[in-house]
Amino acid sequence: MVVGVHRPTQLVIDRQALRQNIHAEVERLKDGCDLFMVVKANGYGHGAAQVAAVAREAGAKGFCVAILDEALELRAAGFNEPILVLGVTNPADAPLMATKHISATVAALDWLQAAEQYLRLAGTADVLRVHLGLDTGMGRIGFRTVADLKAAVDYLEDAQTHLLFEGIFTHFSTADDPDDAYFKGQVAKWHALVDTLPRRPRYVHVSNSATSLWHDACNDNLVRFGVAGYGLNPSGVAIPTTPYPLQPAMSLTSELVYTKRLQAGQSVSYGATYTAENDEWVGTVPIGYADGYERRLQGFHVLVDGQLCEIIGRVCMDQMMIRLPRQYARGTRVTLIGRDGNQRISLQDVADYCGTIHYEIACGFTQRVPRLYIN
């Protein structure tokens, strides 16, 4: 997709906010515990390589991604730190991952068997580093029984020429919930599995952002730091307090490209879903759902000159209209996410209006919107 550099709409990413969030977490960790920054989904929409660079400065020792291509992007950008792919990869890619020193998540014995065969056939001198995923209640991927886990560990012991047992982990599904009953059940299942290991691998990890913020006793020796590094509360608003202030790193701004005086009775946008009750000033903003600004945001608001301005009519693919308190010149700044004067619109505010989570909003902005990095 083309990047819209000749349009005033842009995502502004504050490196200093990223740096502060990540460094604050690094400072909380016990000796011997590392932080891997999660930069999957293009760094939650913030830019994977750019976030990785800041995270490394702030003390991150490695990175987590969701798919192999994201790991390869980091390697191509010159990052030599450990990288763990959290999703299941194709065992046929085991030689590539071994050569690039990219760690694989493994959730089944037959994956290990297939990967070893591909490594043998490739004749690579590099071993593939693997992290065994345990399903303790997330219900996504991972070993679920002691017997299956033991079989995988035994296989790794016999396949050390090609496979290195580097890590073991699980993922908590309710670490961001004030009710910790299910969380405690997952912790118990984790121990029932991992405590049977004859030896511990290099990395033992369970903590995502929420776990490390509110259940740091579980951290072990690696934290997978994700959404909190971007300045977003993992719980949304369910647990409002965090050990340190989170600084949102993403803002979204644009400009008015056209204004007009709408007469009472005249309508705006597709379906004529908005009709002016009185004469009013209307501005057009060059952003729409093709940029990831949701169509369902009709009736929400943006900021112009520090004032809340309602989005009127349906959000179009590339443009939307807002009601203005008075006439403003073309080129006047419009803040869709961020602060203007004494007013602020957060990703959480947008998510609440859309009935979703801030993760989805941040990840949904398309590549057509350029990222501007500051500080």
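Residues numbered from 1 in each chain as written. Predicted model: local features only at pLDDT ≥ 70, side-chain atom pairs only at ≥ 80, totals over all residues. Heavy atoms only, no water.

1. Some points on the UniProt feature "active site" (unreviewed entry) in the protein
Then, number 1: This chain's UniProt record puts "active site" (unreviewed entry) on K40 and Y270. On the basis of their most widely separated C-alpha atoms, the annotated residues across 231 residues do not gather in one place, lying as much as 35.4 Å apart. For the largest pocket, the lining residues among the annotations just cited are K40.
Then, number 2: Looking at the element boundaries, K40 is found in helix α2 (residues 40–44).
Then, number 3: With sequence-adjacent residues up to four places away left out, K40 is seen in contact with C64, V65, A66 and E70.
Then, number 4: As for its placement among the helices and strands, Y270 is situated in the loop between β12 (267–268) and β13 (274–275).
Then, number 5: A relative accessible area of 56% places Y270 in the exposed class.
Then, number 6: In this structure, Y270 is in contact with R314 and C316, ignoring residues within four places of it in sequence. (UniProt positions renumbered as here; feature names shortened; annotations may be inferred. 1 Å grid on protein atoms, 1.4 Å probe; cavity = no way out; pocket = protein on both sides within 12 Å on 5 of 7 lines; lining within 4 Å. Helix = DSSP H or I, 4+ residues; strand = E, 2+ residues; numbered from the N terminus. Contact = heavy atoms within 4.5 Å. Buried < 20%, exposed > 50% of the residue type's maximum accessible area, 1.4 Å probe, protein only.)

2. Here we look at the layout of surface pockets
Then, number 1: The computed volume of the largest pocket comes to approximately 660 Å³.
Then, number 2: Along the wall of the largest pocket there are 30 residues; nearest its centre are K40, L86, R140, H171 and N208.
Then, number 3: Put simply, the parts of the chain that give the lining of the largest pocket at least two residues each are α2, β4 (83–88), β6 (128–134), β7 (163–170), α9 (209–214) and α11 (358–364).
Then, number 4: Of the residues belonging to the lining of the largest pocket, the class tally is 16 nonpolar, nine polar and five charged. (Points joined across faces, edges and corners; volume = space filled by probe spheres on them. Nonpolar A, V, L, I, M, F, W, Y, C, P; charged D, E, K, R; others polar.)

3. Examining the pairing of strand β16 (residues 307–312)
Then, number 1: Summarising the sheet, strand β15 (residues 301–304) and β16 pair through four bridges and their orientation is antiparallel. Bridge assignment links L303 to a residue of β16, and that residue is L308.
Then, number 2: Hairpin connection between β15 and β16: a loop of two residues separates the two successive antiparallel strands, and D305 in this loop has a positive phi of roughly 55°.
Then, number 3: Where β16 meets strand β17 (residues 320–324), two bridges bridge the pair, whose relative direction is antiparallel. Considered in β17, the bridge of I311 is made with I322. (Pairing = 2+ DSSP bridges.)

4. With respect to the pattern of salt bridges
Oppositely charged side chains are able to pair whenever their charged atoms sit close together.
Then, number 1: Enumeration over the complete set of coordinates arrives at 19 salt bridges.
Then, number 2: With a closest N to O distance of 3.6 Å, R129 and E166 form a salt bridge. Of the two residues, R129 is situated in strand β6 and E166 in strand β7; the sequence distance between them amounts to 37 residues.
Then, number 3: Accessibility expressed as a relative area gives 25% for R129, which makes it partly exposed.
Then, number 4: Residue E166 is classed as buried on the basis of its relative accessible area of 10%.
Then, number 5: Through salt bridges with shared partners, one network takes in R7, D291, D318 and R368. (Salt bridge = Lys/Arg side-chain N within 4 Å of Asp/Glu carboxyl O.)

5. Some remarks on the packing of aromatic side chains
Then, number 1: For the structure on display, the rule yields six aromatic pairs.
Then, number 2: A ring pair is formed by F63 and F79, whose centres lie 5.5 Å apart and whose planes are at 75°; its orientation type is edge-to-face. One end of the pair, F63, is in strand β3 (residues 62–65); the other, F79, is in the loop between α4 (68–76) and β4, with 16 residues separating them in the sequence. Summarising the burial analysis for this pair, F63 and F79 share the class buried.
Then, number 3: For the pair F300 and Y353, a centre-to-centre distance of 5.1 Å together with 45° between the ring planes defines the contact as tilted. One end of the pair, F300, is in the loop between β14 (280–285) and β15; the other, Y353, is in helix α10 (residues 347–354), with 53 residues separating them in the sequence.
Then, number 4: Note on Y353: relative accessible area 37%, which makes it partly exposed.
Then, number 5: An aromatic cluster of three or more residues is present, and its members are Y44, Y230 and Y359.
Then, number 6: For R326, the ring lying beneath its charged end belongs to Y328, and the centroid distance is 4.0 Å. (Phe/Tyr/Trp six-rings, centres within 6.5 Å; stacked < 30°, edge-to-face > 60°. Lys NZ or Arg CZ within 6 Å of the ring centre and 35° of its normal.)

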